[in-house]
Each structure stands twice: as structure tokens, then as C-alpha cells.
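# Chains, contacts and geometry: an overview
If you want the building blocks of each chain, they are given just below.
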Amino acid sequence: NGLTTSGSFSTMLPSEAVLLKSSFPSLRWLFLAKKAEAKLLSYELSGWADVPTLPLKTKRSERLPCSAGGPLVICLDTSWSMSGMREQLSKAVVLASVSAAHLQKRECRVVSFSSANNAIDSGTITCDAEGVTRMLDFLSYSFGGGTDVTGALRYAMETLDMTSSDLLLVTDGELPNPPVSTTILSQLETLRHQTGMEIHGLLVGKRESPALDSLCTEVHPFLADYESQVTPVRTNKMASPTALSLFQTSSRMGYVGRLSPRRYSFALRAMSNSDSDRTNVRLYKRDKRSRFEDDDDDDIWSYEGGYEHEPANTPDSRTSKDDDPVEVDEYVLRVEDSVAKIQHLASSEIEEQRQVLKEDISAELKQKSSTRQILAESVSFVGTGLVERDVESRLVILALISQEHILFIGPPGTSKSQLGRRLSQLCGGPFFQRLFTKFTTPDEIFGPLSLRALENDQYVRCIEGFLPTATVAFLDEIFKANSAILNTLLTILNERQFDNGAGSRRVECPLKCVIGASNELPESDELDALLDRFLLRAQVSPVSDEGLLKILSSSQLSKEDELVNSEKNYSDGLDAVFRNVSESLPSIAMNQNIGILIKDIRNFVTDTLGQYVSDRRLVKAARLLRVSAATHGRKQVDLIDVLLLQHMLWTYPQQKDALREFIIDNLTPNNDIVDQSKFLLQGLATEALTMVKKTMGDVTGESGAREDDLETIKSIATEVGEIKRLLEQHSNDLERHIALLNDLEYNNIWITPDEAQSVKQNCLPLAVEASTTVSEVLDSATTLILALTPGVIDNDLRSSVIEVLMGGSEDNSTIFSEDELQMSLKEAKRIFKGDELKEWKKARNSIT
């Protein structure tokens, strides 16, 4: 099974025996030292083989060596279609299977299921009286209802240890086709590939079930000749009086749909700077009541049609609506003019800020950088003459600039090694190329031992021309590396260092990038660490029919010779790019929304795709995103940079499309902050209106307003200002995101034009819609601040202007006070009726 190190004479390589036969005493001492330390290169043997021989004349059967076997998981269908004789006979088979598992000393668990949300585990069944009693008690229950095997399979995969396990699915085969989603099927295939798990189906009362065939490794018909006897009788009553409600000693498993990830964590509440008469204000909406509500009925008034109750000490209080309607009309006109003035000021302020932002972004995108030009020429050089290798050419240069390694997975003859040779020519340094096999020795990779050094009692390799001295390396069939070279190879890939002799003789390797290639992914867990060293990954497929015609119709035979003989030198320019990017990385910012999106992507890969993502991999991925921003001359990581994660976080090629779709769906910032801001602004506007009425529009104290009321108004304006600041930041992020999406197709080095156009079509409409929504709420916050600002409008108009501004919303919901939310349900039923009571319950539940 390849090479390893051992102290065995019988399995050591002939090259080791040569050391013992040598006439040099130092080589014989080296052999003895390696023998004593069990470091002789040896063949790795595994398994056993049948050897034909004469059978023994005995009646006893001989047990052959085999694996101990993992747990046996039995999924028992207890849906309505299994009721009656089918269910009873199936449970008898389950008991027999549990008994057989104990004879084999295998752990056994039973999962009873019906629909996707109904799955229950029996726990580990012990082989004693208590275990038998618990098993019989468990089998006495049934679910009923429809049949869906999704819940049972997900429960088994997520909860139980499936290593070397077998799964027995006992059902009548009445399943949808396909029986589970493609995600579940992918996870099952992964378990089969990694752990050797098998799924056997026991088909009760039928000869075939296409749905079960697509799910199981093998299907065994049971009672197929007695279908009429075991078919359940359909009646209006339940066939079994023991319909499973909940098994009290077992764990219940239920599933819900995946919630959309929340990109922002945002919460504000109105706070008071005064300790005397204002406390914390929590605001909750309800319908069918006035938007702005005042506890003091004497202060409620409106400019529409005059006053309901005249406020005291106002200039217009001496004039009633019946005596002089002309003055009321003049007051209304003044209010309308003030509203128009505030709206114009708010729109001008927002538009001015937006225009400045657009100019800054445009200047940043249009600035010409020598770094970008050199990288674009390098991508063009690597991809010259290659058909349908644009993505691979860009990723190779990105790996070189970020000094990471890249893995190509694909069949032979797809230009993988050609990309490595061109990358080496681009760097101008030594190039190392080797094809790995299971019997590749360390001498072939790291260099032979120095015989002269051995005479001086030094264990040193001649590394010149081998991997430790290479700048770029191409390692073909990388996952066939054996354990004899694996540890040293991992050190070179990760730390760029090579132990040449004693531990103190660590040699710094000038390695910039390793291109690994393989026709398949690793089959053993010991190679997972090697796979994790390759940050970038790409699946290289044969060219399409159109690409083949393009190759055949063009004269590409001399292109490679032209590139090899090219006198153009890229190494100096790339060295300058290395220095510039490395120096700028510490100053590249990564905002919190980028970090939250990366966290959501990791959760998706872990929970949905079922793959582990190491912390080291995430840290390296974040650094590569900073490299992407630096190569484009930007000072921060943007959302479009996150698109590169689709080339970093998948393990199997079939997972790449699902990962890409998730990233694109979540690339546009959601508007959770907008919804919360609208809710808070409504409450703050209501409170501001109340306080302005109490002060008769005075916000400075010049007209004798109380100091406590003025402090309250100032605190409200401060809170609205904080909301406005958050909305402005969110609006700026959206505007920047829109500008980068529009520029993605033309000036992005690492995204192909086709990919950029697809992302733009999916994300740009969502970003524009979100930007429009946040602009509306930002306008409301700005107008409210202006309405509370001294000198902008007259004091006698302030309350009416606030009421008009906040009354233009389409939302006719109202506010629950703190006292209303603290009342009991009995008191609430006396005050609120119908939908109003439902809204009160929702608001009450949200704070409890």
C-alpha cells in the first residue's frame, strides 16, 4: 500500500539493504541507526489475502479476519401505511437484528420515524433484562401519518457516530421519488466514501420500490409473496391505539427551514439623560389606533380643520376656527411651507453627501495602478494559447501574489502542468516538477543523502535542484504521497522551511507557490492535512465542443515555443508587486459585515454541506481577501472580494455550485437595520411630538419651557442622530457596493467577465432596491432632526410640522406604552379587542 518507515528486515526496501552491504563503515552505521530508530524505508502492507490450500477435515467453520464493525442503526418506518401486520412483523425483524448485532458485539440503536419532523431514538440498547424491557416498550409505540425518511437520516447523520457503521432502513417503500433532497444524498455519498457506511433496505410486503433503490446500497424484499396478508386495512379509525405522542425517555428530533442569515446586529432604544421624570422607553407597534398618541387629552390638537382643544398661551389660541377661517388657512399654508422647506433641506443634504461619496468612489476606481497593469499582463501571459482556462490562469497568479498554494482536480491532459511551467517562467526562479506514486521516496523529493557528510557524522541531504530550493513547484498526483515524506512535505508547504539534518539546521525555502494536481480527492484521513494546505482549489474539466473546435482550427503548436523564447521579463515587476502588497496589507480594513458574512458562509459549509473548515483556512482566506483589495488599490475589503471564497471552502467539486449560489444570494447587505430604524423613529417621533406640545414648540428655553422637557427633547434628537448615522453608513455601503458591481465586469483582475456579468445581473437589482429603501428612512430621520433644530422653523409651527412629516408614512400602526405592556392579560382584554389584542400579545411576548 505504498512506503512507510519501520524496523523490519522483511519489508525494507532493497536500497536500505545496500547500506548494510556497503564497504563504507559509515553507511553500515547509518543502517544500524535507522534500524534502531525504526526509520528504514519499508513497504507498507495492509489487509490479508486468500491463499489456496487443502481444506481441513472438520465440521467446524473457520472465522476469517474482518473488521470489528461500527454501530448498527435501524430506521423503522411506523407511518400509517405500515400499521397492522406489516408493522408487527417489521418490529419482530428489528428485534432479531438487535440480537444479531449484540452477538457481533456491535452497538445498536433504533430510530422510529414517519414524517420529516417525526423521528425518535431508542438510545443504546444493552444486552440485559433492562435493555430488552426498554426495547419492547419502545417498539410498542407508533407515529402514524405520512412517510418521509429525511428526518430519520438527518438525525442518524447528525447525532450518531457513523464511522464503519451500517444503516438498516425498514419500510414498505411508499416514499416520494426522489426520497430525499440532493443535499442529503450528497452527504450520504460523502459518508459512504469516507467511512465505508452501507445502507440496506428491508422492503416489507413489496417486490420493488424505485425510491428505495435510489437510496440504498442493497434492497432486500421481505414478505413480498404475502402482500395481500400484510397490506393494512384502510378504516376511519386508527389501526393502533398506541399512536406515538412522545417517548418520554428518548430525544425528539425536529427540523425547520434554514433562516436567512442576518448580516447586522443592531439594537437601539430611547434613553433619557434626565433622572427625574423619564425612564427607558421601549416602543412596540399596534394597528387601528392613532399614530401619535398623547396621554394628556388637553394637549391633543391638529391643524387639519382647526383645533380639537385649544392649547394655552399660543399666538393663535384667541382665534377660533368658526370666527376667522382665513387665519386658519394662513396657518395651514405656513405649516405646508415649513414642511416643504425641511424636506428640501433634508434632500439637499442627503444628495450632497451622496454626490461626494460617488466622486470619491469613482476616483478610487479610475486611478491607474502599475500593480494592476502588471498583474493583468501576467494573467494574459499564463493564459495565452489556452482555451477555457481563464479562471485557472487568474487563480494561479492570485496564489502566487498571496504566496498560497493551489490545487487542480481533473483528468490528465487538461493543461495543469503547463500552467505550472508558465508560472515558473513568470517568476524566473528554479522550477521543480515531480509525479508522485505510492512508492516515491524522500530522495526523489528532497534530494539524496550526502555521502561526504555521512563520513563526518552528519545526516544532510543535497537539496540543490529539489523541492527545498524551488521557487515554483508542480506536484502531480499529490495525494499519492506516502507517510515517509508526508510530514516533511507539510512543513515545507506551511512554514517554508526544511529540516536538513539536525533540528537546528532548518533551511529557509524560497517557495512562493506550489501547484498540486490530482485526478481524485484523497481517500484516507491522514491526507486531510495535506488537502488543507492548498487554500485555492479549482476543478479543471476537458474543453467543451466549442473549445475543441477552436483548438483544432487555430495554429497553437508554436505558441509554447514563442512563450519559452520570449525575452520579456516579468520577475522584476512581480517582485515589486510582492513588496507593495505586503506593505499595504496591515492597512487594509475588514468591516464587521464582511466578517459576519464569512461566518455565515462557514456555517453553511459546516451545517448544509457537512464539511469542516479549519480556523487556519479561514485566517488564510481572510488574508487573501485583503490581498485582492490591495491589488485593486482599495483600502478595505469589499463584498465583491468575498466571491473568491467559492474557490477556497469546498471539499468536493460537486459542492462548489451550492457554495457559489449561497455567496451570491447573501452578497447584498440586507435591510434589517432599516426595518428596526423605522420602528424606532416612529416611537421617537411620537415622543418628540408629545414633548414639543408641552413646550409650545420651544426647544431652546427662550419661551420659558421647563429644563427637564428641554433635556428630553435634546436626548431624543441625539438618539435620532445616532440612527441617522447608522443609516448613512449603511447607505454608503450600498452605494459603494453598487459602484463596484458596475465596475466588476471591466476592472476586476480575479473575476472573469462572464462570472462578473452573472453576479451583476443577480445582485445589482437587489442592491438598488435596498438603496432606495434606506434613502427613504434616512430622509425621515433627517427631517425629524431638522424639525427639532432651533431656528429652522417657527416654534408655533413645530408640533404641526412634526405631525405632518411623520404622518406621511403608509404604516398606520401605533405604539404601546410601557404601562400598557405591564398590564395583565385580563386587564388587556377589557381595553383591547380583536386585532388590537393580538398586536398587544405579540408586543408583550417580544419583551418576555
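In this text the structure is predicted, and so the values were computed from the model without any measurement. (Residues numbered from 1 in each chain as written. Predicted model: local features only at pLDDT ≥ 70, side-chain atom pairs only at ≥ 80, totals over all residues. Heavy atoms only, no water.)

### Quick notes on the overall build of the chain
Using the following cut-off: What counts as a helix is a DSSP run of H or I of at least four residues, what counts as a strand is a run of E of at least two, and both are numbered from the N terminus. Residue exposure (1.4 Å probe, protein chains only): buried if accessible area is under 20% of the type maximum, exposed if over 50%, otherwise partly exposed. Per-residue accessibility takes into account occlusion by the displayed protein chains alone, with areas from the Shrake-Rupley method and a 1.4 Å probe.
Summing up its helical and strand segments, the chain has 29 helices and 18 strands in all. When each of the 848 residues of the chain is scored for burial, the buried share is 48%. Taken as a whole, the chain presents about 42800 Å² of accessible surface, with 51% of it coming from carbon and sulfur.

### Thoughts on the side chain of His-737
Test applied: Contacts are residue-level and defined by heavy atoms, with any inter-residue pair within 4.5 Å sufficient.
Considering the arrangement of structural elements, one finds His-737 in helix H24 (residues 707-747). For His-737, a relative accessible area of 3% puts it in the buried group. Excluding residues within four positions of it along the chain, His-737 makes contact with Leu-639, Leu-667, Thr-668, Pro-669 and Ala-767.

### Notes on the pairing of strand S11 (residues 406-409)
So the rule is basically this: For two strands to be treated as a pair, DSSP must find at least two bridges joining them.
The side-chain alternation of S11 yields two buried faces, one formed by Ile-406 and Phe-408 and the other by Leu-407 and Ile-409. Bridge count for S11 against strand S16 (residues 513-518) is four bridges, and the pairing is parallel. Within the sheet, the bridge partner assigned to Ile-409 lies in S16 and is Ser-518.

### Details of the packing of helix H10 (residues 370-383) against helix H12 (residues 416-427)
This is how it is decided: Axis definition: a line fitted to C-alpha atoms, over the contacting stretch in the case of helices. Angles run 0 to 180 degrees between N-to-C directions. Our angle categories are set so that under 35 degrees counts as roughly parallel, over 145 as roughly antiparallel, 65 to 115 as roughly perpendicular, and the remainder as oblique. Handedness of a helix crossing follows the sense of rotation of the near helix relative to the far helix, less than a right angle counterclockwise being left-handed and clockwise being right-handed. In this classification, Asp, Glu, Lys and Arg are treated as charged, Ala, Val, Leu, Ile, Met, Phe, Trp, Tyr, Cys and Pro as nonpolar, and every other residue, Gly included, as polar.
At their nearest, the axes of H10 and H12 sit 9 Å apart, and the two run at 140° to each other. With respect to H12, the element H10 is oriented oblique. Seen along the crossing, H10 lies across H12 with a hand that is right-handed. Counted together, Ser-378, Phe-381, Val-382 and Gly-383 of H10 and Leu-419, Arg-422, Gln-425 and Leu-426 of H12 form the full contact between these two elements. Among the residues making up the contact of H10 with H12, the classes are represented as four nonpolar, three polar and one charged.

### Some details on the pairing of strand S7 (residues 198-204)
The following threshold applies: Look down the strands so they point away from you; if going from the first strand over the helix to the second traces a clockwise path, that crossover is right-handed.
The buried fraction of S7 is high, at five of seven residues. Handedness of the crossover joining strand S6 (residues 166-171) and S7 through helix H6 (residues 182-195) is recorded here as right-handed. Bridge analysis of S7 against strand S8 (residues 218-222) gives five bridges, and the strand direction is parallel. Its bridge partner lying in S8, Leu-203 is registered against Pro-221. Note that the unit made of S7, helix H7 (residues 210-215) and S8 has a crossover that is right-handed.

### Topic: helix H11 (residues 390-402)
As a reminder, the rule being used: To estimate the expected span of a helix, subtract one from its residue number and multiply by 1.5 Å.
Relative to the 18 Å expected for 13 residues at 1.5 Å per residue, H11 spans 19 Å between its end C-alpha atoms, a close match to the ideal helical length. With 11 of 13 residues buried, H11 lies mostly within the body of the structure. For H11, the complete set of buried residues consists of Glu-392, Ser-393, Arg-394, Leu-395, Val-396, Ile-397, Leu-398, Ala-399, Leu-400, Ile-401 and Ser-402. Of the residues one or two after H11, Gln-403 is the one with positive phi, at around 55°.

### Quick word on the sheet that holds strand S13 (residues 472-476)
The strand order across the open sheet formed by five strands is S12-S13-S16-S11-S17, and the pairing between neighbours is parallel. Every other strand in the sheet has two partners, leaving strand S12 (431-435) and strand S17 (536-539) as the edge strands with one partner each. Ignoring which end each strand starts from, the neighbouring axes of this sheet average 15° apart. Note that S12 and S13 share five bridges and pair parallel. Across the sheet, Arg-434 pairs through a bridge with Leu-475, a residue of S13.

### Concerning the packing of aromatic side chains
To describe a pair of aromatic rings, you give the distance between the ring centres and the angle between the ring planes. Defined as follows: Think of it this way: a Phe, Tyr or Trp ring, Trp meaning its six-membered ring, pairs with another when their centres are within 6.5 Å, and the plane angle makes it stacked under 30 degrees, edge-to-face over 60, tilted otherwise. Note on geometry: a ring has a charge over it if NZ (lysine) or CZ (arginine) is within 6 Å of the ring centre and within 35 degrees of the ring normal.
Within this structure, the stated rule accounts for five aromatic pairs. Arranged with centres 6.0 Å apart and planes meeting at 70°, the rings of Tyr-43 and Phe-439 form a pair that is edge-to-face. Here Tyr-43, found in strand S2 (residues 40-43), pairs with Phe-439, found in the loop between S12 and helix H13 (442-446); they are 396 residues apart in sequence, far enough to count as distant. On the basis of relative accessibility, which here comes to 37%, the residue Tyr-43 falls in the partly exposed class. Exposure remark for Phe-439: the relative accessible area of 46% places this residue in the partly exposed category. Measuring from ring centre to ring centre gives 4.3 Å for Phe-604 and Phe-662, while their planes differ by 10°; the resulting arrangement is stacked. In this pair, Phe-604 is assigned in helix H20 (residues 592-607) and Phe-662 in helix H22 (residues 656-665), connecting sequence segments 58 residues apart. With relative accessibility at 5%, the residue Phe-662 sits in the buried group. It is Lys-35 that lies over the ring of Phe-9; its NZ or CZ is 5.1 Å from the centre.

### A few points about the packing of helix H23 (residues 672-694) against H24
It is the contact of H23 with H24, at a shortest axis distance of 10 Å, that shows an interaxial angle of 160°. Classified by the interaxial angle, the pair formed by H23 and H24 is roughly antiparallel. The two elements H23 and H24 cross, and the hand of that crossing is left-handed. Contacts between H23 and H24 involve Ile-673, Val-674, Ser-677, Leu-680, Leu-681, Leu-684, Glu-687, Ala-688, Met-691, Val-692 and Lys-694 from the former and Asp-709, Thr-712, Ile-713, Ile-716, Glu-719, Val-720, Ile-723, Leu-726, Leu-727 and His-730 from the latter. Classifying every residue of the contact of H23 with H24 gives 14 nonpolar, three polar and four charged.

### What about the nonpolar core?
Where a protein is soluble and globular, its nonpolar side chains tend to be buried together. This is how the line gets drawn: Residue types Ala, Val, Leu, Ile, Met, Phe, Trp, Tyr and Cys, when buried and joined through side-chain atoms within 4.5 Å, form a set referred to as a nonpolar core.
Counting residues in each nonpolar core, the largest one holds 109 residues, and the members touching the most others are Leu-530, Ile-601, Leu-645 and Met-648. The residues contacting Leu-530, other than those within four sequence positions of it, are Ile-478, Phe-479, Leu-486, Leu-489, Leu-490 and Leu-493. Met-691, Ala-781, Val-792 and Leu-805 belong to the second-largest nonpolar core, a separate cluster that totals 40 residues.

### Here we look at the environment of Met-590
Following the sequence through the fold, Met-590 ends up in the loop between helix H19 (571-584) and H20. In this structure Met-590 comes out as partly exposed when scored by relative accessible area, which is 24%. Here the alpha-carbon distance between Met-590 and Ala-622, two residues 32 residues apart in the chain, equals 8.7 Å. In this view, Met-590 contacts Ile-598, Ala-622, Leu-625, Arg-626 and Val-637; residues no more than four positions away in its chain are not counted.

### Considerations on H20
When the terminal C-alpha atoms of H20 are compared, their 22 Å separation across 16 residues agrees well with the 22 Å that a helix rising 1.5 Å per residue should span. Taken together, the buried positions of H20 are occupied by Asn-593, Ile-594, Ile-596, Leu-597, Ile-598, Asp-600, Ile-601, Phe-604 and Val-605.

### Observations regarding the pattern of salt bridges
Quick note on the threshold: Any carboxyl oxygen of Asp or Glu within 4 Å of a side-chain nitrogen of Lys or Arg constitutes a salt bridge here.
Counting across every chain of the model gives 28 salt bridges. Salt-bridge contacts for Arg-86 lead to Asp-172; the nearest nitrogen and oxygen are separated by 3.1 Å. One end of the pair, Arg-86, is in helix H3 (residues 85-103); the other, Asp-172, is in the loop between S6 and H6, with 86 residues separating them in the sequence. Note on Arg-86: relative accessible area 2%, which makes it buried. A residue is classified by how much of its surface remains accessible, and Asp-172, at 0% relative accessible area, is buried. Linking Asp-166 and Arg-106 is a salt bridge whose minimum nitrogen-to-oxygen distance equals 2.9 Å. Taken together, the positions of Asp-166 in strand S6 and Arg-106 in the loop between H3 and strand S4 (108-113) put the pair 60 residues apart, joining distant regions of the chain. Across the pair, exposure class does not vary: Asp-166 and Arg-106 are buried alike.

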